[in-house]
Structures are given as structure tokens and as C-alpha cells.
Protein chains: 4
Amino acid sequence: MTDQSVIKRNRRPAARPAEILTAALDLFAEKGFSATRMEDVARRAGLSKGAVYLYFTDKTALLTAIVETTIANELKEVGARASLAPGPVAPVITEAARHISRRLTETRLPEILKLIIAESGAHPELASLYFDHAISVALPLFEGLIRRGVATGEFRPVEPAYTARSLAGGFIFSALWRSVFEPIGKPALDIPAFAEHHITLILKGLAP
Amino acid sequence: MTDQSVIKRNRRPAARPAEILTAALDLFAEKGFSATRMEDVARRAGLSKGAVYLYFTDKTALLTAIVETTIANELKEVGARASLAPGPVAPVITEAARHISRRLTETRLPEILKLIIAESGAHPELASLYFDHAISVALPLFEGLIRRGVATGEFRPVEPAYTARSLAGGFIFSALWRSVFEPIGKPALDIPAFAEHHITLILKGLAP
Amino acid sequence: MTDQSVIKRNRRPAARPAEILTAALDLFAEKGFSATRMEDVARRAGLSKGAVYLYFTDKTALLTAIVETTIANELKEVGARASLAPGPVAPVITEAARHISRRLTETRLPEILKLIIAESGAHPELASLYFDHAISVALPLFEGLIRRGVATGEFRPVEPAYTARSLAGGFIFSALWRSVFEPIGKPALDIPAFAEHHITLILKGLAP
Amino acid sequence: MTDQSVIKRNRRPAARPAEILTAALDLFAEKGFSATRMEDVARRAGLSKGAVYLYFTDKTALLTAIVETTIANELKEVGARASLAPGPVAPVITEAARHISRRLTETRLPEILKLIIAESGAHPELASLYFDHAISVALPLFEGLIRRGVATGEFRPVEPAYTARSLAGGFIFSALWRSVFEPIGKPALDIPAFAEHHITLILKGLAP
DNA sequence: CATGAATGAGGTTTCATTCAT
DNA sequence: AATGAATGAAACCTCATTCAT
């Protein structure tokens, strides 16, 4: 029945690009972009060197595609969320932050963030892309919520922009812990538990 | 008589290694480790290609030296600090955090952190080194202070390890904002101001 | 009913080889043999990459076939011509030369000559083939006529071999002008007019 | 004394570019541009693969340099020649034509012409360069002389442009015979003898 | 017959490192 | 100590050719 998965090296065009990107991300995250050879990517995707070039023009195209896919997903998720619902903002902030925390655990976001950081020098477009489509969307979202909380007296008067960054810091910390330190054998971080603690800490810090 | 100023920067062998490392860090931070050519480093340090090899065995040795120097400074600073002084810990935490904030502004720590992150795949020893000598020193230091605060009732009961990480997150955030986003033209972050805000927010969050 | 025009250029297997060769010559002449990709040839012939290999074993086979076809036509034309008719040879020379001139205008001979020249290093067989079947047929033909003219006193005593080459030079010049310089935008040469002038010049030069 | 020529692989910077170009031309002429591997060029120049790139940025740069050098020499030679001396032009034409003939024998012009023709598709700039700096200089020179001869009655009324091309044809013929057919084992052409014959034939053809 | 995905040899180019001077 | 010419391994990418469908 599943004999198709046994077949060695034939026709499965539709799945190829995603398979290649997964292989590429595995390796980029593991050894870095430039230490990864195209042939390694191909091999890990179960293809020959040349085949990768049937789907991506360039080694750089792999990187770009990884980041663009991530951004696309990011937006898809965040899009619905804006949450202009009236009432206290704390639960909204909590929920949004939990969502990010979940994405850190359930997706490869930590590795992708590491990759974007790592390549920001050689490939500034990527960092720019991520900034424009993810960071400059997420931070203002939190800023807006906090501002509202301050306005309604739910929070003490704080600088929303800085507060949003304090919140974000926890997630950056989590992402890098996972993608940088865990792979080299340092103790794992329980991201959901830390996230809960972090959210609570920040919200308590906002109490009037 | 003014020969020392005439010969300008020609013969001061003792300063060479540091000059080379500065040049290397400039370039590594700007374009990434592997996109930086040894010749560029040499040129920027005012030397010929071959001369760099008189001081460093390897391209990797440059990276290692940069990180090791940073760690050495880190330790030198932090070492004296342990601060087992009795009394409330909040001021101690504040001071320690301000110190880190200052280092982020006054040294090239942001770039070095980016570099360590970027190369953690290809050069795990570096990340390990930094972890062992900086992170696994600094985090426990904060954890200890927080634990004491909890014990004395100065703080509400929190998980010190997580709290220390929330604090650290702000600094990671600052470092990466500076080293990743500012170089690509995104708005600058006022690190000291953010640090003050961040410290206050966390400490308020710890209030019993 | 109009199915033959509807299906346009789809199924006419018999014509395929010629279509492929035309496509190949177009491209070889335009960008050179090695810069031409088999896929381009296929595309231009309205076929898939693999289909070309149903008709030709090799990329080189395309080249060979082009040259062999040309030679075959050359011979077919020249064959009948030998013209051992008695009487003055000038008109015979004129007619033969005009014939070549016509072939330069009406066939793709200029491009094929360029191709043979271009590939004479990598594919000496082709140049050899062309030499043996075209050049070493045509030159002796002119030499014979000139020799006869000299023998009968119609021409002054000249070296027939050299004279034939002077005549041939005009045609080589025409062919290369057309295939090398006109495609890069240099002024066109009126080959028939030049041929007339050239023939006259040479024949006048032969006057006793 | 000449021990320096025995030395294997050391410092001879000044001569290198010329050595490399000679090696390149040897191989380009022998096997064609694209069939020549950079490593072959290097090896023949007595260098390693990488060393060639210390002197030329590109494989194409070799080609360009060869053609540009040729053009420079061409111009240097022709420059002085303009020959506006009064009196019969036939001796001037003869001398100029002999000069070209000599260059065909004494320099590598035949091979370079073959190369330009061969690469005119892939590297039209080269053909253009040669056209603009050599052909469109030489042809008008002959045209002018012939026009003068016609004006003075030294020649019969002819079309100078065509006549110049008839003259040029002999040299193109010689060049290609030498570079295309002789290398594949066809009988050698005595270029000086043919040139004399050709010049005489053309001049006789111009007699009033 | 026809397709076009897949292969992999082969070539260009880069650059860390060496070493004669 | 310093130089910079030279080396050659390594990696990207192309494309002729094959072959399952």
C-alpha cells in the first residue's frame, strides 16, 4: 500500500520543494548557511545535486524561500488576531503571547530566527523582510494593547514600546536558547512554562 | 623627534594582535564570518595577507580570540561583583543589570553575541565557551539574588531561574536589535532607556 | 476537416529531423555550438528535450548532420556542372561563380561556414569533411578551367591554383561578412553585386 | 648564468600576463574557446589553476585581452602607413598588402581571426571591436587608394569598396586556410607567394 | 513516439594558507 | 617581521544525457 514511499528516486514533483526546504533548514540550522553544501541538501532530500536546481535557482533562493514561507505563516496566524474586543487587555496579551510561545515550540521558528540573525550581514534583505513583515507587525500589536491598558487604567503608566520589547525579549531568549544552546548540549528550556512565568511577571509589572 | 607620530601606525608589533582582532570583528559583524576574507582583515588592519598568519594560526583563531577576549573582560567585570552584601537585593539587581546595559552600549558585545549565535552551528565550541563562562555565570548570579529576595520576602514567590531569564531577555533583545536591525537601517533602540524601563518593569513584577 | 491546419505542426514525424536541424542551425549560428543548449534546440523545434534524442544520438550529431546535409547539397549542385564544353572558359567561370554567390544568398551556407570554422578545433572531422567534399572539389574545378584558359591563350599565364584561391577569397569574404558582421549590426554587403564586381575584376586580371 | 630559467615555479610577475595569453591562444586556437579549460591554460603557462586569476578576472578576459592586444598591434602598424604620398598608388597598395601578408605569416593573426569568427556569436563585442578598430580602418584605407587611382586614370573605373573587398578576400582566405585547414593536415598554403600572385591579379584587374 | 524529472560529470571560480624572498 | 605570488582544495552551478512513465 505505502509502496510509494519505498520507491527510490522517482516522480514526486509536488512534494519536492517542501522536502528540499526542510532538508535545507535542517542543515542550515545545524551547520550554518555557508557551511552547508548544496549536495548535502540534495542528499538529505533524497535527490541528486542537480535536482535541487530544478526547483530553486540558487543556494540563496533556499534561504529566501525558508524565510518567506515562515513570514507567510506568521502573517496568516497573526492576521486574524488583532483583537479590538473591548474589555481588559491582559487576557488578550496573554493569549497572543501564548500563541507565540506555541509557535516557538511547534514550528521551527527558533532555528529560522537564528538563521536570519546569522545571515543578517550577508543577506540583509532577509532580516529586513522579517523585520517588516513580522517584527514591525507584532511589536505594534502589543504596544497597542498595552497603550489601551494604560488608557483604561488597567495598567500603570508605562512606555508601551519598551514594555512590548520586554515581552518580546522573553521570546527571543527562548528561541535562541533552543536553537543555539540546546543543540550544543546545554540544559533544555521548558518554553511553555517559562512563557507562562514571563507573561505573569510582565503583567504583574504592569499592575497599577 | 616626532618620529613616533611620523611613522604613524607602522611599527608597533605589540598592538598588532588587537588591531587585527578589531579589524576582524568589524568585518565579521558586517558581512559574517565566512563572507569575510582573510585578505580583507589584513587590509583593514593595515597589513599584508601573510602577516595575519604571524599572529593567528587560522581564520578560526580570529573568531576564537575575539570571543575569548570578550569572555575574559566579562569575567573581569563580573567577578568582583558577586555582591553578597546583606540588605535588599533590588538595588543590587538594578546595578548589575545597568552594568550589562552599559556593556551593551560601550563595548562591541552586541556584535559579538550576534557572531556567536551565527557561528554556533559551525563553531559550537564558541557558543559553549560563551555559555560556560558568561551565561552560566550571569544567570545564576541573578537567580541567587532573586532567590534571596524571595527568601527575605522582598519579592513574591517566583521561579528565580525563569525570572533571571526574563531579565536576560531584555538584554538579548537589545543586543540583537543593535547588531541585526540597526545596521540594516531600522530605527535605533535607546538601550539605556529601555534598560531602565525593563529593570523597573521586572522589579515591579516581583513585588510581593 | 481542417484538422491538418488545426493540429498545425504537431504530428509530422517525417519532417522532424529537418525541423530539428533548422532549429539547431539557427541557434548554433546565433550563439555558437557550445553555448547552445539541447533544450533550446528542442524548444525551438517545438519538441521536448528528450525527443531530440529520438532522432539524433548526440549534440555533435546535430552538427555533423548539418554539415553533411550541406555537403550533399553542394555536391548535388556542383556535380552536374563540370562543364567540359569546349570554347572560352570565362563564361563558365562566371556562371560557376554566380552559382556560388547565389548559394551564399539563398542558403544558409554563410552560417554553416562560420560554424565549420568555429568548430574546426573541437570537431576537426567536420572541417575535414567539408574540405574533402566541397573545397577540394570546387577549387580544382576552377583551377581546371583556368588552366584551360591559360592553355588556349584566353588568359595570361597565371598560377591556376592561386587564381582559384583569389576567386574563392571573395566568397569567403562574403560569407563571413554576412555571418559574422551583419549579425552584430555592421552594414550589409550586397553579395550579388559584389560577386559580379569580383568576377569581373578577376577575369580582367586574367586578360592576356 | 641563465639559472633563472631553470627555476621551477617562482617569481616572474612581469612576464606572466603575456605567458598566460600565449598559452591561452595556443589552446583556444587548437581546441576552441569553450573546449579549453582554465586549468589547461594554467598548466601550459606553467602555473596552477588559481594563479591565472591573479592576472585575469575571467576566462573571457583572456579572450578579450588577446583580441585587444592584437588590435593594438594592428593599429600601431597601420597608423604610420596612411600614405598620402603623391604619385601612382599601385606601389602603395602593393606595399600595404604585402604588409598584411607578412603579418599573417609572422604573427598569430590567422588564429586570432579564427577565434574572433568562432566566438562572434557568444562574444559579439570581440567581433565588434575587431571590426571597428581593424577592418573599418583597413578597408577604407584601400578604398581611398583605389579611389585615387581611379581618379588619376591609373585604374579603370571600379567600385573602390568592392575592389578593396576583393583584395581583402585573399587575406581572409589565407588566414583561414592557415588556421583552419593546415592544422587538420591539409596542404599548406605559401602565403607570401599567394599574396604576390593575388596582388598582381587584382592590380592587373584594375588596369584601365 | 514523447515527455520532462532526474542524474552526475565537469568546469569555473574563490580563498585560506604557504613560502620564497 | 613582512610581503604577496602561488597553490589547490572545495563548492557552486550547468547541461548533456537517461529513463520511468
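The model shown is predicted, which means the values in this text are computed figures rather than measured ones. (Residues numbered from 1 in each chain as written. Chains lettered and ligands numbered in written order. Predicted model: local features only at pLDDT ≥ 70, side-chain atom pairs only at ≥ 80, totals over all residues. Heavy atoms only, no water.)

Visitor: What exactly am I supposed to notice about the overall build of chain A here?
Guide: Looking only at helices and strands, one finds 10 helices and zero strands in chain A. Taking all 208 residues of chain A together, the buried fraction comes to 50%. Within chain A, contacts between residues separated by at least 24 positions form 68% of all contacts whose residues are at least 6 apart in sequence. (Helix = DSSP H or I, 4+ residues; strand = E, 2+ residues; numbered from the N terminus. Buried < 20%, exposed > 50% of the residue type's maximum accessible area, 1.4 Å probe, protein only. Contact = heavy atoms within 4.5 Å.)

Visitor: Honestly, the protein's contact with DNA strand F in this entry has me stumped. Any pointers?
Guide: With respect to spatial proximity, 36 residues lie near DNA strand F, and among them Arg16(B), Tyr55(B), Arg16(D), Ser48(D) and Tyr55(D) are the closest. Considering DNA strand F, the proportion of its atoms within 4 Å of the protein that are sugar or phosphate atoms stands at 65%. Arg37(A) places a side-chain nitrogen or oxygen 3.1 Å from a phosphate oxygen of DNA strand F. Measuring from a phosphate oxygen of DNA strand F, one finds a side-chain N or O atom of Asp58(A) at 3.2 Å. Mapped by element, the contributors of at least two residues to the surface near DNA strand F are α4 (49-55) of chain A, α4 (49-55) of chain B, α4 (49-55) of chain C together with α4 (49-55) of chain D. For the surface near DNA strand F, a count of residues per class yields 12 nonpolar, eight polar and 16 charged. (Near = heavy atom within 4 Å. Polar contact = N/O pair within 3.5 Å; in protein donor to acceptor, adjacent residues only side chain to side chain. Nonpolar A, V, L, I, M, F, W, Y, C, P; charged D, E, K, R; others polar.)

Visitor: Help me out: how do you make sense of the protein's contact with DNA strand E in this one?
Guide: The local shell around DNA strand E holds 36 residues, among which Arg16(A), Ser48(A), Tyr55(A), Arg16(C) and Tyr55(C) are the closest. Within the backbone of Ser48(A), an N or O atom sits 2.7 Å from a phosphate oxygen of DNA strand E. In the model, a phosphate oxygen of DNA strand E is placed 3.3 Å from a nitrogen or oxygen of the Thr36(D) main chain. Counted by class, the surface near DNA strand E contains 12 nonpolar, eight polar and 16 charged residues.

Visitor: Looking at this model, I keep getting lost on the interface of chain C and chain D. Mind explaining?
Guide: Note on interface size: it is often stated as the accessible area lost on association of the parts. On the chain D side, the residues contacting the 47 residues of chain C number 47 residues. The largest per-residue losses of area from chain C upon contact with chain D belong to Phe131(C), Tyr162(C) and Leu201(C), which jointly make up 16% of the total buried on that side. The tally of links from chain C across to chain D stands at two salt bridges. Lys186(C) is the salt-bridge partner of Asp132(D), the closest N and O atoms lying 2.9 Å from each other. Broken down by secondary-structure element, the contributors of at least two residues to the side of chain C that touches chain D are α2 (16-31), α7 (109-119), α8 (124-152), α9 (160-181) and α10 (191-206) of chain C. (Buried area = accessible area lost by both parts, 1.4 Å probe. Salt bridge = Lys/Arg side-chain N within 4 Å of Asp/Glu carboxyl O.)

Visitor: Would you mind going over the confidence of the model for chain A with me for this structure?
Guide: Reading predicted coordinates in detail is not appropriate for stretches of low pLDDT. Mean pLDDT for chain A: 91, with 90% of residues reaching 70 or above. Residue range residues 1-9 of chain A is modelled with pLDDT below 50. Its contacts to residues more than four positions away, or to other chains, number zero contacts. (pLDDT = per-residue confidence, 0-100.)

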